[in-house]
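# What the coordinates show
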Amino acid sequence: MKLGIVGLPNVGKSTLFNAITNAGAESANYPFCTIDPNVGVVAVPDARLDWLSEFYQPKKTTPAVIEFVDIAGLVKGASKGAGLGNKFLANIRECSAIVHVVRCFDDENIMHVVENTNLNVPVDPMGDIDAIDLELIMADVEMVERRIKKAETAAKGDKKFLQEVELFSRLRDWLNDGNSARSFECDEDEKAVIATSELLSLKPVIYAANLDEDGFAAPDGVEYYQQVAQRAAKEGAQVIPVCAKLEAEIAELDGDEKAMFLEDLGIAESGLDRLIKASYALLGLISFLTAGEDECRAWTITRGTKAPQAAGKIHTDFERGFIRAEVVNFEDLKATGSMNAAKEKGLVRSEGKDYVMNDGDIVLFRFNV
Ligand SMILES: Nc1nc2c(ncn2[C@@H]2O[C@H](COP(=O)(O)OP(=O)(O)O)[C@@H](O)[C@H]2O)c(=O)[nH]1
Ligand SMILES: [Mg+2]
């Protein structure tokens, strides 16, 4: 599952992407952090995995990863073919969620452009968000129009498709009013139908508010940031303050240096780490862990996954021959200090095939094939 980094030109997308890719390179165990120049794989920061790795001193530590794509070329008019236009929109279509970078810093040396890439206009986060949203919405209108036509044709043979015509017509009107598909109100069945249409403005979004260093140190006092935060709150979306330039510098530091640098800045966690974690959550992903002297590892599953399917992430045999899972949640292990102590306290449970995995479960699967 990939996240697309979108935004107007010069808002800091590539700077942020490079920071992300560098951070990936730093977590030594991931050999190919850049698949192609615009796609980067990054380790998901996980204090639990760090703790386990410290505890077991394994030969290998393997983090969970997610992919980011730097999607360049979006300007106002892209849905009509301006900039990289449709190519850009196709790139977003392949992503499961969107990180929308919004420029929240002034810098007279860096042009702020919205439509004409030669025309410098004042920094305006709300205008930027509207401009990008509108491109996604206009692209969606075209998709929905096509869907309506198809349903109309199908309805000639089977009346049940009239419902689809009606639903997508309502959605088209909503989009035409400048609203995102995300905020379209309908019942669960209708939602499921709309979900099959791969609309851009339906994808979940996180706003990355790109501030300068001073702004990043105290984002709540920055007017630009407040605007984005309010907008995000209204949409039920998250906003993460970042300073792309600073993140790029932080990403070049190793573990201890990084901790010291952040402490100097008075922040507990880099914006990038927060963004990566929030992105992971936005995709509906959680991690379970396996731990031992050979390897400590975080595995990615979607929320709601049951034990046998989680086992299948490790090996298909684990799923096929699943017997039970021995589970202790990380917090219980940490509190008791060791696996044996956790066992003595009865905190290591034996779970069957209907067990729904929790984030941070440490698991040993029993199987027989
Ligand atoms: N002052 C300042 N400049 C930044 C920041 N982030 C990016 N820039 C600069 O803005 C310019 C455009 O950034 P870039 O990442 O290439 O933007 P993109 O077009 O969105 O990919 C570059 O010169 C960056 O160095 C920031 O946080 N503060
Ligand atoms: Mg760029």
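Please read these numbers as outputs of a predicted model, since none were measured by experiment.

### Re the overall build of the chain
Along the backbone of the chain there are 15 helices and 13 strands. Computed over C-alpha atoms, the radius of gyration of the chain comes to 23 Å, within 12% of the 21 Å expected from 2.2 N^0.38 for 369 residues, which places it in the range of a compact globule. Seen through its C-alpha atoms, the chain measures out along the principal axes to roughly 65 × 60 × 35 Å. Considering the chain as a whole, with its 369 residues, one finds that 38% of them fall into the buried category. For the chain, contacts bridging at least 24 residues in sequence account for 68% of all contacts bridging at least 6.

### Details of the pairing of strand β10 (residues 295-302)
Each regular strand carries side chains that alternate between the two faces of the sheet. As paired elements, strand β4 (residues 60-62) and β10 share three bridges and run parallel to each other. Bridged to K60 within β10 is E295. Direction of pairing for strand β9 (residues 285-290) relative to β10: antiparallel, over a ladder of six bridges. Across the sheet, F288 pairs through a bridge with W299, a residue of β10.

### Structural notes on the site of ligand 1
As a matter of local geometry, ligand 1 sits amid 16 residues, with G12, K13, S14, T15 and A244 nearest to it. Among the secondary structure elements, those contributing two or more residues to the shell around ligand 1 are α1 (13-26) and α9 (244-250). Element by element, the count of residues in the shell around ligand 1 is highest for α1, at three residues. In terms of residue class, the shell around ligand 1 is made up of six nonpolar, six polar and four charged.

### Remarks on the nonpolar core
If you look at soluble globular proteins, the nonpolar side chains tend to sit buried side by side. In terms of nonpolar packing, the biggest core is built from 96 residues, with A208 and A209 touching the most fellow members. Per-element tally for this core: the top contributor is helix α4 (residues 125-157), with seven residues. The contact partners of A209, leaving out residues within four places of it in the chain, are V102, C104, P219, Y225, V228, V239, P241 and V242.

### Side note on α4
Along an α-helix, a turn takes 3.6 residues, which lines up residues three or four apart on a common side. Here α4 contains 33 residues, and its C-alpha end-to-end distance of 48 Å stays within 8% of the 48 Å for a straight helix at 1.5 Å per residue. By the burial criterion, the buried members of α4 are P125, D128, I129, I132, E135, L136, I137, A139, D140, V144, R147 and A151.

### Side note on the environment of I267
Looking at the element boundaries, I267 is found in the loop between α10 (255-265) and α11 (271-282). For the pair I267 and A217, spaced 50 residues apart in the sequence, the C-alpha separation amounts to 8.1 Å.

### Describing the environment of L49
In this structure, L49 sits in helix α2 (residues 47-56). The class of L49 is buried, set by 23 C-beta atoms lying within 10 Å. For the pair L49 and V11, spaced 38 residues apart in the sequence, the C-alpha separation amounts to 33 Å. Those residues in contact with L49 that sit more than four places away from it in its chain are T61, P63, L289, C296 and A298.

### A closer look at helix α5 (residues 162-176)
Across its 15 residues, α5 extends 21 Å between first and last C-alpha, which sits within 8% of the 21 Å expected from 1.5 Å per residue. If you check which residues of α5 are buried, you get L167, F168, L171, W174 and L175. Buried residues along α5 cover an arc of 110 degrees about the axis, so they all sit on one side. Residues of α5 that are exposed and angled more than 90 degrees away from the buried face: D173 and N176. Turning to α5, the residues buried within the fold contact α4 and α6 (188-195). Positive phi appears at G178, one or two residues downstream of α5, with a value of about 90 degrees.

### Some remarks on the confidence of the model for the chain
Put simply, the chain has an average pLDDT of 90, and 95% of its residues get 70 or more. Of the regions scoring below 50 in pLDDT, residues 26-34 engages in 20 contacts with residues more than four places distant in sequence or in other chains.

### Some thoughts on the packing of α4 against helix α8 (residues 223-235)
At a minimum axis distance of 9 Å, the contact between α4 and α8 shows a crossing angle of 40 degrees. In this view, α4 runs oblique relative to α8, as classed from their interaxial angle. Note on element contacts: α8 touches α4 through Y224, Q227, V228 and R231, opposite P125, M126 and I129.

### Some thoughts on the pairing of strand β1 (residues 2-6)
Most of β1 is tucked away, with four of its five residues classed as buried. As paired elements, β1 and strand β6 (residues 97-103) share four bridges and run parallel to each other. From the neighbouring strand, V6 faces β6, where its bridge partner is H100.

Basis of the calculations
- Residues numbered from 1 in each chain as written.
- Chains lettered and ligands numbered in written order.
- Predicted model: local features only at pLDDT ≥ 70, side-chain atom pairs only at ≥ 80, totals over all residues.
- Helix = DSSP H or I, 4+ residues; strand = E, 2+ residues; numbered from the N terminus.
- Rg over C-alpha atoms; globule rule 2.2 N^0.38 Å.
- Buried ≥ 20, exposed ≤ 12 C-beta atoms within 10 Å, placed from the backbone.
- Contact = placed C-beta atoms within 7 Å.
- Pairing = 2+ DSSP bridges.
- Near = placed C-beta within 6 Å.
- Nonpolar A, V, L, I, M, F, W, Y, C, P; charged D, E, K, R; others polar.
- Core = buried A, V, L, I, M, F, W, Y, C linked by C-beta atoms within 7 Å.
- Expected span 1.5 Å × (residues − 1).
- Arc of directions from axis to C-beta.
- pLDDT = per-residue confidence, 0-100.
- Axes fitted to C-alpha atoms, helices over the stretch in contact; angles between N-to-C directions.
- Parallel < 35°, antiparallel > 145°, perpendicular 65-115°, else oblique.

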